[in-house]
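Structural overview
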Amino acid sequence: LLPKGHRVSRAMVLKRTPEEVFAVVSDVGNGATWRAGVKSVAVSTVDGRLQYREDSSDGVINYEVMESQPPTLFVTRIADPDLPFGGTWTIRLQPAPQGTNISITEDGEVRNIVFRFVSRFILGHTKSIDRYLTSLAAKFGETADATIPR
């Protein structure tokens with residue numbers, strides 16, 4: 001009875017400029033150097049669109065960049081319809097008095113009924129976003145204590 005689709009968001013403030021944060025977020029090829037659980041990333045361009053293949057603790061997943069508007073917006077999507085899950089991440093960066101407010105909204109879907117239960121009640125839909133934000137904060141020598149539900 002759980003819905004196939006979901007939308008979750010998280011946000012935090014970093015003591016950096018939007019340009020500094022965007023430079024790290026949009027450099028997907030270097031994700032393995034700072035993101036927890038990411039082993040390697042291979043980047044390519046197909047039909048003028050940036051794509052990347054990430055090998056991580058979640059398995060091997062293909063992504064593509066849907067939109068990039070420096071330094072405020074970066075949108076990616078899972079580009080593999082055969083996985084039991086899919087969706088997009090919309091990363092928004094806004095100047096804040098303390099630095100930059102970064103929010104990530106996941107518009108996801110879990111196609112497999114069993115995995116849908118596990119994703120919702122055992123793993124939680126925000127697990128990947130929380131891990132990403134924690135890693136991003138650590139990249140800048142900060143903590144993700146400010147991560148809040150939105």
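Data block above holds the structure.
Here goes a summary of the coordinates provided. The structure displayed is predicted, hence computed values, not measured ones.

1. Description of the packing of aromatic side chains
Here the distance between the centres and the angle between the planes together describe a pair of aromatic rings. Per the counting criterion, the structure on display carries 4 aromatic pairs. Consider the rings of tyrosine 52 and tyrosine 63, whose centres lie 5.1 Å apart with planes at 15°: the pair is stacked. Placement of tyrosine 52 in strand 3 (residues 49-56) and of tyrosine 63 in strand 4 (residues 59-69) is noted, with a sequence separation of 11 residues between them. For tyrosine 52, a relative accessible area of 7% translates into the label buried. Between tryptophan 89 and tyrosine 132, the ring centres sit 5.3 Å apart and the planes meet at 90°, which makes this aromatic pair edge-to-face. Of this pair, tryptophan 89 sits in strand 6 (residues 85-96) while tyrosine 132 sits in helix 3 (residues 127-139); the two residues are 43 residues apart in sequence, bridging distant segments of the chain. Just as tryptophan 89 is buried, tyrosine 132 falls in that class too. Here the aromatic residues Trp34, Trp89 and Tyr132 are joined through ring pairs into a cluster of three or more.

2. Examining unusual backbone geometry
Note that the residue after proline 70, namely proline 71, is joined by a cis bond; omega there is -10°. Along the chain, the position of proline 71 falls in the loop between strand 4 and strand 5 (73-78). Within the chain, aspartate 47 stands out as a residue other than glycine whose phi angle is a positive 50°. Note that aspartate 47 resides in the loop between strand 2 (38-46) and strand 3. Residue classification places aspartate 47 among the exposed positions, given a relative accessible area of 81%.

3. Quick notes on the pattern of salt bridges
Side chains carrying opposite charge are able to pair once their charged atoms draw close together. According to the stated counting rule, one finds 7 salt bridges in the structure shown. Between arginine 49 and glutamate 64 there is a salt bridge whose closest N-O contact spans 3.7 Å. Of the two residues, arginine 49 sits in strand 3 while glutamate 64 sits in strand 4, which places them 15 residues apart along the sequence. Classification of arginine 49 as partly exposed rests on a relative accessible area of 32%. Here aspartate 58 and arginine 131 are joined by a salt bridge, their closest N and O atoms 2.6 Å apart. Of the two residues, aspartate 58 sits in the loop between strand 3 and strand 4 while arginine 131 sits in helix 3, which places them 73 residues apart along the sequence. Owing to a relative accessible area of 24%, arginine 131 belongs among the partly exposed residues under this scheme. Residues participating in the shared-partner salt-bridge network are Arg49, Glu64 and Arg77.

Conventions adopted
In this numbering scheme, every chain counts its residues from 1 along its sequence in written order. Given that this is a predicted model, residues contribute local features only at a pLDDT of at least 70 and side-chain atom pairs are listed and counted only at 80 or more, while totals for whole chains, interfaces and linings are drawn from all residues. Hydrogen atoms and water are omitted, and side-chain values are computed over all heavy atoms in the structure. When two rings of Phe, Tyr or Trp (its six-membered ring) have centres within 6.5 Å they constitute a pair, described as stacked for plane angles under 30 degrees, edge-to-face for angles over 60, and tilted for the intermediate range. Every helix listed is a DSSP run of H or I at least four residues long, and every strand listed is a run of E at least two residues long, numbered separately from the N terminus. Each residue's exposure class comes from its accessible area (1.4 Å probe, protein chains only) as a fraction of the maximum for that residue type: buried when under 20%, exposed when over 50%, partly exposed otherwise. We define a salt bridge as a side-chain nitrogen of Lys or Arg found within 4 Å of a carboxyl oxygen belonging to Asp or Glu.

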